[in-house]
Amino acid sequence: MRLVTTGALAIGLLVPALPAAADPVESGPWTSYEPTFTVQERGCGDVNDLTFKLSCSTGSGDQRAERRYATYSSGTRQFEGYFKITSLEGTRISLKQTFKTTGPFFMLAVERGGRLYSVHGGDTIATGATIGTTVRVNTVHVVGSTHRTYINGSLKHTVSSESGSFYDKFGAYRTGSGKGPATVEWSGVQFWRK
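Residues numbered from 1 in each chain as written. Predicted model: local features only at pLDDT ≥ 70, side-chain atom pairs only at ≥ 80, totals over all residues. Heavy atoms only, no water.

Asker: Describe the state of the cysteines, naming the residues involved and giving the relevant values.
Answerer: By definition, a disulfide links the sulfur atoms of two cysteines through a covalent bond. Across all of its chains, the model carries 1 disulfide by this definition. Disulfide partner of Cys44: Cys56, at an S-S distance of 2.1 Å. Every disulfide takes its handedness from the sign of the S-S torsion; for Cys44 and Cys56 that torsion is -60°, giving left-handed. Remark: Cys56 occurs in the loop between β4 (51–54) and β5 (64–69) and Cys44 occurs in the loop between β2 (37–42) and β3 (45–48); sequence separation between them is 12 residues. Both residues of the pair, Cys44 and Cys56, belong to the buried class. (Disulfide = S-S within 2.5 Å. Helix = DSSP H or I, 4+ residues; strand = E, 2+ residues; numbered from the N terminus. Buried < 20%, exposed > 50% of the residue type's maximum accessible area, 1.4 Å probe, protein only.)

See below:
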């Protein structure tokens, strides 16, 4: 049995989450849906179903292994997925993105050592995303209003959102200051809208 002190919770340490059919975060009514996606492999990126790998240690070029989902431009959308980093020799790897069609909007990334952070602004979202730990991620995007990020069911980050067209991406992507190698396994991916 693993004990977590109140102090550890206050600083955002992660408690391992088990992939299971979870209800959406926030009140509904939510409608489940399955958006289409394309696989993106660039540079040393490789996608094998829900395993995403960057095999090189270069700190330059477009290195990505991701799923890119269909574009949306209105309403409220929720993404849920569980990731487990199985290897991370590099650092600063983006795991989940809510991307605007005109450019980056929100990127959740991990540093070696397990700190989860927002690429734009650098805010720490949580800590403890270490190798072998399963982490649940939910993003709730109200187009033209707000974007909220939940880690293991707890709200950790909120940012304003303008109007426009957006899409969800997840996998492993080298940020501008990052490098591989890295391997990330995703599971339990679900989408809802209202």
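Asker: Kindly report on the packing of aromatic side chains, identifying the contributing residues and their values.
Answerer: Per the stated rule, a full pass over the model turns up 13 aromatic pairs. Both rings, one in Phe105 and one in Phe166, keep their centres 5.4 Å apart while their planes meet at 65°; by these two values the pair is edge-to-face. With Phe105 in strand β8 (residues 103–110) and Phe166 in strand β14 (residues 166–179), this pair connects stretches of sequence that are 61 residues apart. As far as burial versus exposure is concerned, Phe105 and Phe166 are alike and both buried. Here the aromatic cluster, defined as three or more aromatic residues joined through ring pairs, consists of Tyr33, Phe37, Phe52, Tyr69, Phe79, Phe83, Phe170, Trp186 and Phe191. In this arrangement the basic side chain of Arg67 is found over the ring face of Phe37, its NZ or CZ atom lying 3.9 Å from the centre. Against the face of Tyr173 rests Lys169, its NZ or CZ located 6.0 Å from the ring centre. (Phe/Tyr/Trp six-rings, centres within 6.5 Å; stacked < 30°, edge-to-face > 60°. Lys NZ or Arg CZ within 6 Å of the ring centre and 35° of its normal.)

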